[in-house]
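# Breakdown of the fold
Next come the chains, spelled out residue by residue.
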Amino acid sequence: MKDPFNSSFNTSPALISPTSVFMVSNSTNTNDGSTLRSRREASVGDHRQHHHDSTTTKNRNANGVLGPVVWSLFLIQHQLVLSCSMILAIFAAHALIISKVARDGHSVDWIVTLTAIIPPPIWQSLPQSWTKASQGVGPAILSARKWTHGYNPNETWSSLAMALQYQRIIVNETTGATQVLYGKGWNDFYMVFVWVLIWTAFREVAMTYFFFPLGRHFGVGEQGKKNKKAAKNKAGRSIQPEKDVHAPPEGKLVRFAEQGWLVLYGSCMWSFGMYQLYHSPYWSDTTYYWRDYPKTHLDATTKWYYLIQFAFWIQQLLLAILGIEKPRKDFLEYLIHHVITCLLIGFSYSFNLTSVGHAVLCAMDLSDTVLGACKMLKYMHKDRLADVGFVFFVVTWVLSRHYYYGLIVWSVFVEAP
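Residues numbered from 1 in each chain as written. Predicted model: local features only at pLDDT ≥ 70, side-chain atom pairs only at ≥ 80, totals over all residues. Heavy atoms only, no water.

To keep things clear, this is the line we draw: UniProt positions are given in the numbering used here, feature names are shortened, and annotations may be inferred rather than shown by experiment.
Looking at an unreviewed UniProt entry, one finds the protein named Sphingosine N-acyltransferase lag1, with Modicella reniformis as its source organism. In its Subcellular location (unreviewed entry) section, the UniProt record describing the protein reads: "Membrane". According to its UniProt record, the protein has this under Sequence similarities (unreviewed entry): "Belongs to the sphingosine N-acyltransferase family."

The structure is reproduced here in structure tokens:
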């Protein structure tokens, strides 16, 4: 019998359709059935691939190279590359400006130029031979001569983003001791913008390289109990599904990683905030919320803590608006919560209510962190640990959101001037 797939038969993917392949297959005998079926599947596969390539080419011709929608999705999905690139660009511009100032013969303290990036407890504890930031040497650069032509590198956009702004040195007339404080102004938004990028990069690194692998290890994201059991083929043989570590994360796995990032952030910032709160005068006496009001100047640590908290919640708001974070059923309520949080932090900072704002942030962060950890345990199928965690969450909720926050509200109505 003549082979229907000989050299005289055109097997071009563009000319073969599933119907033609089916007609050819009916003309063959049963002895060549297996060979014909394999060739038929290959031909149909080539035809579908050719159709897919043609469709892709048409879409590209209609919408440009990739289309504006695809480009926006590309930027959202590659937020780590985008945020890191912008941070490196700001660092590079800052380094070029400072290097030029140093070559011109001015005295430069590099640590002072990075006070907005380096946590104040770190650079405040450095030896005086390394830096004079804690003594107050200007916002960025200590100059040995006056700036000519009205140019001041301390006022460039990179310096505004990298160094704490509005520095003021207060001298005690009685003891002669000096205190370095920082005021508030619109230039603080430069630092907030940089920290929005930093939090975005930290979030993507933590989720991609830690929480996604951790979730896959504990089976988070598997489709119910079906994937836990072995799938059976038509012959009845048991086949264990393989896990593809390079596959896109599923819904529950993404939610697990997002909760993990919030737990990591909340535990670090709550611990740091509580340390500052414990060593503050208003920890044991709520009247200090209102003493010496308005507090127009803050120490470096308090200002740094407040602004990076502000940047984090702005970043969370942007994630929700841009759709980077996985959509929720209560999206509208979630969005309103973030908007109100940003407004409260921003207004408390601008209206010099940072002492009571600091206490409120510590009261809110604890229970949110515990609740996120309990959700992670549920995703990891650790039901018993999750139940114990929810009991602990109720305790922290009552202590922080009802007792301690109640003291703050009582001070607002009773002790506030």
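## Digging into the overall build of the protein
Where we set the bar: Under the scheme used here, helices are H or I runs from DSSP no shorter than 4 residues and strands are E runs no shorter than 2 residues, and both carry numbers assigned from the N terminus. The classification of residues rests on relative accessible area computed with a 1.4 Å probe and restricted to protein chains. Under 20% of the type maximum is buried, over 50% is exposed, and intermediate values are partly exposed. Contacts between residues were defined by any pair of non-hydrogen atoms, one from each residue, lying within 4.5 Å.
Each helix and strand counted, the protein has 12 helices and six strands in total. Burial statistics for the protein: of 417 residues in total, 37% are counted as buried. Sequence-distant contacts, at least 24 apart, represent 73% of the contacts inside the protein between residues at least 6 apart.

## Focus on the pairing of strand β3 (residues 167–171)
Test applied: Strand pairing is assigned whenever DSSP detects at least two bridges linking the two strands.
Of the strand pairs in this sheet, β3 and strand β4 (residues 178–182) are connected by five bridges, and their pairing is antiparallel. Residue pairing across strands places Val171 opposite Thr178, the latter belonging to β4. If you look at the hairpin formed by β3 and β4, you'll find six residues sitting between the two strands, and Gly176 has a positive phi there, around 80°.

## As for the nonpolar core
This is how the line gets drawn: What we call a nonpolar core is a set of buried Ala, Val, Leu, Ile, Met, Phe, Trp, Tyr and Cys residues that are connected through their side-chain atoms within 4.5 Å.
Residues Met191, Trp195, Trp199 and Tyr289 are the most contacted members of the largest nonpolar core, which totals 67 residues. Apart from residues lying up to four places away in sequence, Met191 is in contact with Ala116, Leu160, Ala161, Leu164, Trp304, Leu307 and Ile308.

## Description of helix α10 (residues 331–350)
Where we set the bar: Here, expected helix span is obtained from the residue count minus one, scaled by 1.5 Å.
Across its 20 residues, α10 extends 29 Å between first and last C-alpha, which sits within 8% of the 28 Å expected from 1.5 Å per residue. Within α10, burial applies to Tyr334, Leu335, His338, Thr341, Cys342, Ile345, Gly346, Ser348 and Tyr349. Residues of α10 that are buried in the fold lie against α7 (188–217), α9 (300–322) and α11 (354–379).

## Brief notes about α9
So the rule is basically this: Distance and chemistry together define a polar contact, namely a pair of N or O atoms within 3.5 Å, with one atom able to donate a hydrogen and the other to accept it when in protein, and with adjacent residues in sequence counting only for side-chain atoms on both sides.
A rise of 1.5 Å per residue sets the reference length of α9, with its 23 residues, at 33 Å; its end C-alpha atoms lie 33 Å apart and thus fit the reference within 8%. Among the 23 residues that make up α9, 19 are buried, leaving the element largely enclosed by the rest of the structure. N-capping of α9 is provided by Asp299, with a side-chain oxygen placed 3.2 Å from the backbone N of Thr301. Following α9 by one or two positions, Gly323 has its phi on the positive side, about 80°.

## A closer look at the pattern of salt bridges
Any two side chains of opposite charge can pair, given that their charged atoms come close. Condition: Here, a salt bridge means any Lys or Arg side-chain nitrogen found within 4 Å of an Asp or Glu carboxyl oxygen.
Using the criterion set out here, one finds six salt bridges in the structure. Two residues, Asp188 and Lys303, come together in a salt bridge whose shortest N-O distance is 3.0 Å. In this pair, Asp188 sits in helix α7 while Lys303 sits in helix α9, placing the two residues 115 residues apart along the sequence. Like Lys303, Asp188 is buried. The salt bridge partner of Asp368 is Arg401, with a shortest N-O separation of 2.8 Å. Of this pair, Asp368 sits in helix α11 while Arg401 is found in helix α12 (residues 383–414), placing the two residues 33 residues apart along the sequence.

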